[in-house]
Amino acid sequence: MSASNYRHILIMAVLCLFILPSCTSDKTRFVMEGNFRNMNQAELFVFDTQKGTRDTIHVQRGRFKYERVMADTATLTIMFPNYSTLPVFAHGSISVTLKGDASHLRETTVTGSDENDDMTTFRLENGKLTPPEADKAAEQYITEHPTSAVSLYLLQAHFVQSPEPDYPRARRLCAILHNAQPANAQVALLHKQLKELCKGRPGTRMPRFAVLDTKGKLRTNKDLQRQLNIVCLVASWNYESSDLLHRAQQLQRENKEKVALMAICIDATPNESRIMIRRDTIDCPIICNGEMWQTELARKMGLNNLPLAIIADRQGRVLQRVTDKKVLSDEINKRLK
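Here goes a summary of the coordinates provided. Numbering of residues starts from 1 in each chain and follows the order in which that chain's sequence is written. Totals for whole chains, interfaces and linings use all residues, but because this is a predicted model, local features are given only for residues with pLDDT of at least 70 and pairs of side-chain atoms are given and counted only at 80 or more. Remark: hydrogens and water are excluded; side-chain values derive from all non-hydrogen atoms of the structure.

Turning next to the sheet that holds strand S14 (residues 308–312). The pairing criterion for strands is at least two bridges between them, as found by DSSP. Only DSSP runs of H or I reaching four residues or more are called helices, and only runs of E reaching two or more are called strands; each is numbered from the N terminus. Pairing is mixed in the open sheet, where 5 strands are placed in the order S13-S12-S11-S14-S15. The open sheet terminates on both sides in strands that have one partner only, identified here as strand S13 (286–287) and strand S15 (318–322). Inspection of the sheet shows strand S12 (residues 259–265) paired to S13 by 2 bridges, in the parallel sense. If you follow Ile-264 over to S13, its bridge partner there is Ile-287.

Let us now look at unusual backbone geometry. Despite not being glycine, Arg-61 has its phi angle at roughly 55°, a positive value. Structurally, Arg-61 can be placed in the loop between strand S3 (53–60) and strand S4 (63–69).

Topologically, Asn-40 is positioned in the loop between strand S1 (29–37) and strand S2 (41–48). Relative accessibility under 20% of the residue-type maximum defines a buried residue, over 50% an exposed one, and the middle range a partly exposed one, all with a 1.4 Å probe and only protein chains included. Given a relative accessible area of 51%, Asn-40 falls into the exposed group. Separated by 19 residues in the primary sequence, Asn-40 and Val-59 place their C-alpha atoms 7.1 Å from one another. Pairs of residues are marked as contacts when any of their non-hydrogen atoms sit within 4.5 Å. Setting aside residues no more than four positions away along its own chain, Asn-40 makes contact with Val-59, Gln-60, Arg-61 and Gly-62.

Right, let's talk about the nonpolar core for a bit. Soluble globular proteins tend to bury their nonpolar side chains together. Residues belong to a common nonpolar core when they are buried Ala, Val, Leu, Ile, Met, Phe, Trp, Tyr or Cys residues joined through side-chain atoms within 4.5 Å. Formed by 27 residues in total, the largest nonpolar core has its most connected members in Val-231, Ile-264, Met-301 and Leu-303. Contributions of two or more residues to this core are made by S2, strand S11 (228–234), S12, helix H9 (296–300) and S14. Those residues in contact with Ile-264, other than ones at most four positions away along the chain, are Val-231, Cys-232, Leu-233, Val-234, Ile-287, Thr-295, Leu-297, Ala-298, Met-301 and Leu-303. Leu-244, Leu-245, Leu-261 and Leu-328 belong to the second-largest nonpolar core, a separate cluster that totals 25 residues.

Another point: the pairing of strand S6 (residues 85–90). Most of S6 sits out of view: 5 of its 6 residues are buried. Bridge count for strand S5 (residues 74–79) against S6 is 6 bridges, and the pairing is antiparallel. Counterpart to Met-79 in the pairing with S6 is Thr-85. Hairpin connection of S5 to S6: 5 residues between the antiparallel strands, including Tyr-83 at a positive phi of 75°.

In structure tokens:
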């Protein structure tokens, strides 16, 4: 082999050392770009509920770019400054684009992959339907596309994490997904959890528990043995749930000997819940283990939506599920009389 040929091979080998890693990283890098009219400067939050993480996106002059390495697929949740949310299906090697107007965030489009294109089409076509009509449209999509990530999202959004969950319907639809995707761990987990989610409905009893609150104090069923007992599901990033908790706290203060209150926080980290406690002057026990929607106590109590609270009697029997602070006030005042 001539010296020139040897040098050529050596140069090519060195170049491969630099080129190959970059090619590998491209296959695992997810890129999301946004362009929003009438949104000069803002902060958006990106939640990965499967891993319990939250990132912050800084919008400048209506634009942003967000990148992360992803070895698996995930459904990310984008939260806008007005607390509305938007699902984005993400995995390595794809780039998606968000386009919208700050005054019409529900019409934001997400393009760049089949799942995001399909989800955008579904949202825009069904955004003005009544809840029963939207549920029917979601059921039809799930039945016709049992292998799509969109179907799993619609199943959870419409039938599991909705204000009025329909667990029998959810279990039937989840069985369809499970049969079509037997190796999908998320579908298998939901299929198993749906048996537990029937708990927390009126007439059932709260589970026995022993957990530490954010101050390190042990909390058990004995903390919920007054005439009426309220358990709220809350997150620092969900205004409606914080508002419901504030009203529950006010009711508890007005009826200290008759009403007990506890909250389960599904923030990504216990520290985020402590920040919320200090910011909002919350003084009731709060449970937060950083597992977000997978928090075991929340699942056992059937707390699967924001905002949501359950009211139970002295024996732990669930009397009512409420999602509105006025309904909560009316129920507590009526039952105390």
